[in-house]
Amino acid sequence: PGPGTAMRWLCAMLLMLPGAWGDCEQPPRFVFAEPPQPLRESYAVGTALRYTCRPGYTVAGGKSPLVTCLPNSTWMATPDFCIGKSCSPPVIMNSKVDYMTNLQFGATITYACNNGYRLVGKPSAQCVLKGNEVTWDHVPYCAPISCLPPPMIKNGQLINENTDFTFGMAVTYRCNNNSFSLIGDATIHCTANDNLQGIWSGPAPECKVVACKNPEVENGRRLSGFGTEHTYKNTVTFECNPGHLLNGSSVVTCEADSNWKPPLPTCDPIYCGPAPHFLFAELTTAVGDRSPVGTKLRYQCKPGYAAASGKSSLVICLSDTTWSADPDFCIRQQCTPPTIENGDVTADSFLFESVVTFTCHRGYELKGSSSAKCVASGNGVDWDTAPPYCESQLPRVLCKDPPTIDNGMHNGTKGTEFVYGSVVVYKCKDGFTLAGAASIHCKADHQYRGVWSEPTPELKTEASYLSLVGIFPLLLAILVMNV
Ligand SMILES: *[C@@H]1O[C@H](CO)[C@@H](O)[C@H](O)[C@H]1NC(C)=O
Ligand SMILES: *[C@@H]1O[C@H](CO)[C@@H](O)[C@H](O)[C@H]1NC(C)=O
Ligand SMILES: *[C@@H]1O[C@H](CO)[C@@H](O)[C@H](O)[C@H]1NC(C)=O
Ligand SMILES: *[C@@H]1O[C@H](CO)[C@@H](O)[C@H](O)[C@H]1NC(C)=O
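These numbers come from a predicted model, not from an experiment. (Residues numbered from 1 in each chain as written. Chains lettered and ligands numbered in written order. Predicted model: local features only at pLDDT ≥ 70, side-chain atom pairs only at ≥ 80, totals over all residues. Heavy atoms only, no water.)

Summarise the site of ligand 1; cite the residues concerned and give the values.
Surveying the vicinity of ligand 1 reveals the residues Leu70, Asn72 and Thr74. At a separation of 2.3 Å, an oxygen atom of ligand 1 approaches a polar side-chain atom of asparagine 72. With the chains in place, 27% of the 360 Å² that ligand 1 exposes on its own is no longer accessible. (Near = heavy atom within 4 Å. Polar contact = N/O pair within 3.5 Å; in protein donor to acceptor, adjacent residues only side chain to side chain. Areas by Shrake-Rupley, 256 points an atom, 1.4 Å probe, with all protein chains shown as cover.)

Next comes the structure, spelled out in structure tokens:
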């Protein structure tokens, strides 16, 4: 170390001493202000230094530029007593400026032009120092966007004649006469692309002769668009005749290429499936696997069935491709209810295909088939077997000649056998009358032998009483003689 270094070290030692006594050392440094020159080694307590704002800064309102030496050897200053000067707000026609912060010295702002204008120059500027004042380093401008003149078209022209075409302006075309159709947008407007260059919103329309062929759809008819001439954007609506289904679009439009779009539809016939089967009826003619809508099939009742009154035996193919028939247009026929003597008939019904069963009462035996079925027979129905009969299981009971009574007669013939249950009726000769029952019947005794029922009819008359009175003295005489 040279003598200079030693000298400087000594000076520093000397400088520390006044601090201890209460003096302040070097005043503070700020970016925005500088202390008065020249600077001294130390400043006595209480010294107030008046700072000056650096270029681009000015004293902040209400703040003091004085920096004071305090008794504890520190400097005291008002914070930020100088602030950056403000640039004046930028004014650019047709633009808007967004400044997020202030416009003070050093601030940066960004320009944006209004819709329809293009910024010429750098889009941002900074508030910079110029001399002792502040100003924007750069001011761009906003130029209006415009389009080239709109294109001319064949067979048509512009309605509005303008010479300049600025952003947002619209132009409209029309065709020279009615022979031409305007295809596309009649009006286009001047707009801008991403590079803010003026362009037209779309291509210019075309003027063309458009004529579509008169549309015909087989098995269909038109609901709208009845004329024969069809030009651009004309529409025709179709409907199919009954029994036909539309395949395609019902509405077609005449397009710029003189074709219908979408293509004309077709009307295709619709079919029902195979003819339906019925338990009770059958077709009169053979029918294929499919039948067009509207087909009518004739059925006839199967044997054992008869046509139901008020119902049709026609089966029709409907437009929803289903077959339609009257329900139960044939009904079962009925056999005559059978009867059996000394027995019972059991049956749910006597209709075609039903079965009846026969049973005999106690003491009788069934002879023949115990059941019968109602089956088709000729044009109608009948039982498949003759009805059986019930035969008595008891031995044959026969009565001999009926008893005779005096002065009476009966209608039984002498010498014949009277079967069980036979009845003979008694009659009196003239002058006599019957007392009690006039008939008897042949019945069985407990050994199944034939006997006539009791009592045998009797005769009681006035005449017999009188004759009895006549012979009374004679009877008396016989009694007396016996004694
Ligand atoms: C010196 O004194 C001032 C005011 O009395 C005080 O604000 C500051 O903190 C002190 N500084 C030191 C280093 O003690
Ligand atoms: C339309 O103009 C064309 C030529 O530009 C012409 O041939 C045609 O006859 C005109 N039609 C009508 C209806 O004026
Ligand atoms: C409809 O028509 C098209 C073309 O003619 C055909 O391919 C298609 O099978 C038809 N559809 C029906 C359901 O018939
Ligand atoms: C006798 O007459 C009665 C009644 O007229 C009749 O029911 C009966 O069968 C007859 N008897 C004979 C054996 O002819």
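A description of the pattern of salt bridges should follow, citing residues and the corresponding values.
Should their charged atoms come close, side chains of opposite charge can pair. For the structure shown, the criterion picks out ten salt bridges. A salt bridge links lysine 85 to glutamate 133, with the nearest nitrogen and oxygen atoms 3.2 Å apart. Residue lysine 85 is located in the loop between strand 7 (82–84) and strand 8 (95–98), and its partner glutamate 133 is located in strand 12 (residues 133–136); the two are separated by 48 residues in the primary sequence. Under the relative-accessibility criterion, lysine 85 is labelled buried at 16%. Residue class for glutamate 133 comes out partly exposed when judged on its relative accessible area of 48%. (Salt bridge = Lys/Arg side-chain N within 4 Å of Asp/Glu carboxyl O. Helix = DSSP H or I, 4+ residues; strand = E, 2+ residues; numbered from the N terminus. Buried < 20%, exposed > 50% of the residue type's maximum accessible area, 1.4 Å probe, protein only.)

Talk me through the environment of serine 95; I want residue IDs and the actual numbers.
Take serine 95: it is sitting in strand 8. The residues contacting serine 95, other than those within four sequence positions of it, are Ala112, Cys113, Asn114 and Cys142. Of note is the side chain of serine 95, whose polar atom sits 3.2 Å from the backbone oxygen of isoleucine 92. (Contact = heavy atoms within 4.5 Å.)

Which residues make up the sheet that holds strand 47 (residues 439–444), and what values go with them?
Strands sit in the order 43-45-47-48 across an open sheet of four strands; the sheet is antiparallel. Looking along the sheet, the strands with just one partner apiece sit at the ends: strand 43 (408–410) and strand 48 (450–452). For this sheet, the mean inter-axis angle between neighbouring strands, taken without regard to orientation, is 25°. Bridge count between strand 45 (residues 423–428) and strand 47: three bridges; the pairing is antiparallel. (Pairing = 2+ DSSP bridges. Axes fitted to C-alpha atoms, helices over the stretch in contact; angles between N-to-C directions.)

I'd like to hear about the site of ligand 2, residue by residue, with values.
Lining the immediate surroundings of ligand 2 are Asn177, Ser179 and Phe180. Contacts to ligand 2 include asparagine 177, whose side-chain N or O atom sits 2.4 Å from an oxygen atom. Starting from 360 Å² of accessible surface for ligand 2 in isolation, the protein chains cover 32%.

Describe in detail the sheet that holds strand 11 (residues 124–130), supporting the description with residues and values.
Adjacent strands of a sheet form backbone hydrogen bonds with each other and so pair up, either parallel or antiparallel. With respect to topology, four strands assemble into an open sheet ordered 8-9-11-12, the strand pairing being antiparallel. At either margin of the open sheet sits one strand with a lone partner, and together these are strand 8 and strand 12. On average, each strand axis in the sheet is tilted by 30° relative to the strand beside it, whichever way the strands run. The sheet contact formed by strand 9 (residues 108–113) and strand 11 spans three bridges and is antiparallel. Paired with threonine 110 across the strands is serine 124, a residue of strand 11.

Lay out the pairing of strand 47 in plain terms, naming residues and giving numbers.
Two elements, strand 47 and strand 48, share three bridges in a ladder whose sense is antiparallel. Directly across from alanine 444, in strand 48, lies its bridge partner glycine 450. Linking strand 47 to strand 48, which pair antiparallel, is a turn of five residues; within it tyrosine 448 sits at a positive phi near 60°.

Mind laying out the side chain of serine 422, listing which residues take part and the relevant values?
Here serine 422 shows up in the loop between strand 44 (418–419) and strand 45. Within polar-contact distance, the side chain of serine 422 engages the backbone oxygen of valine 419 at 2.7 Å. Contact partners of serine 422, with chain neighbours within four places excluded, come to Ile440, His441, Cys442 and Trp452.

Quick rundown of the state of the cysteines? Include the residues and the values.
Inspection of every chain in the model, using the stated rule, returns 13 disulfides. Two residues, cysteine 113 and cysteine 142, share a disulfide whose sulfurs are 1.9 Å apart. Because the torsion about its S-S bond is -90°, the bridge between cysteine 113 and cysteine 142 counts as left-handed. With cysteine 113 in strand 9 and cysteine 142 in strand 13 (residues 141–144), the pair connects residues that are 29 residues apart, well separated along the chain. Judged by its relative accessible area of 13%, cysteine 113 is buried. (Disulfide = S-S within 2.5 Å.)

I'd love a proper account of the nonpolar core, names of residues and values included.
Phe278, Phe280, Ala281, Tyr299, Val315 and Phe329 are the most contacted members of the largest nonpolar core, which has 23 residues in total. Of all the secondary structure elements, the ones that give two or more residues to this core are strand 31 (296–301), strand 33 (314–317), strand 37 (355–360), strand 39 (371–377) and strand 40 (380–383). Setting aside anything within four residues of it in sequence, one finds tyrosine 299 in contact with Ala275, Pro276, Phe278, Ala281, Glu282, Leu283, Thr284, Ser313, Val315 and Phe329. (Core = buried A, V, L, I, M, F, W, Y, C linked by side-chain atoms within 4.5 Å.)

For the layout of surface pockets, give the residues involved together with the corresponding values.
Estimates place the volume of the largest pocket at around 220 Å³. Around the largest pocket sit Arg362, Gly363, Tyr364, Ser392, Leu394, Pro395, Arg396, Val397, Val419 and Tyr420, which together line it. For the lining of the largest pocket, the per-class residue count stands at six nonpolar, two polar and two charged. (1 Å grid on protein atoms, 1.4 Å probe; cavity = no way out; pocket = protein on both sides within 12 Å on 5 of 7 lines; lining within 4 Å. Points joined across faces, edges and corners; volume = space filled by probe spheres on them. Nonpolar A, V, L, I, M, F, W, Y, C, P; charged D, E, K, R; others polar.)

Describe the side chain of serine 291, with residues and values.
Here serine 291 is to be found in strand 30 (residues 291–292). A relative accessible area of 3% means that serine 291 is categorised as buried. In this structure, serine 291 is in contact with Ile270, Tyr271, Cys272, Gly273, Cys317 and Trp323, ignoring residues within four places of it in sequence.

Go over the UniProt feature "domain: Sushi" (unreviewed entry) in the chain, please, and point to the residues and values.
Those residues carrying the UniProt feature "domain: Sushi" (unreviewed entry) are residues 22–84, 85–144, 145–209, 210–269, 270–332, 333–392 and 397–461 in this numbering. For residues 210–269, the end-to-end C-alpha separation is 33 Å, with 0% helix and 42% strand making up the annotated structure. For residues 333–392, the helix share is 0%, the strand share is 48%, and the end-to-end C-alpha distance is 35 Å. (UniProt positions renumbered as here; feature names shortened; annotations may be inferred.)

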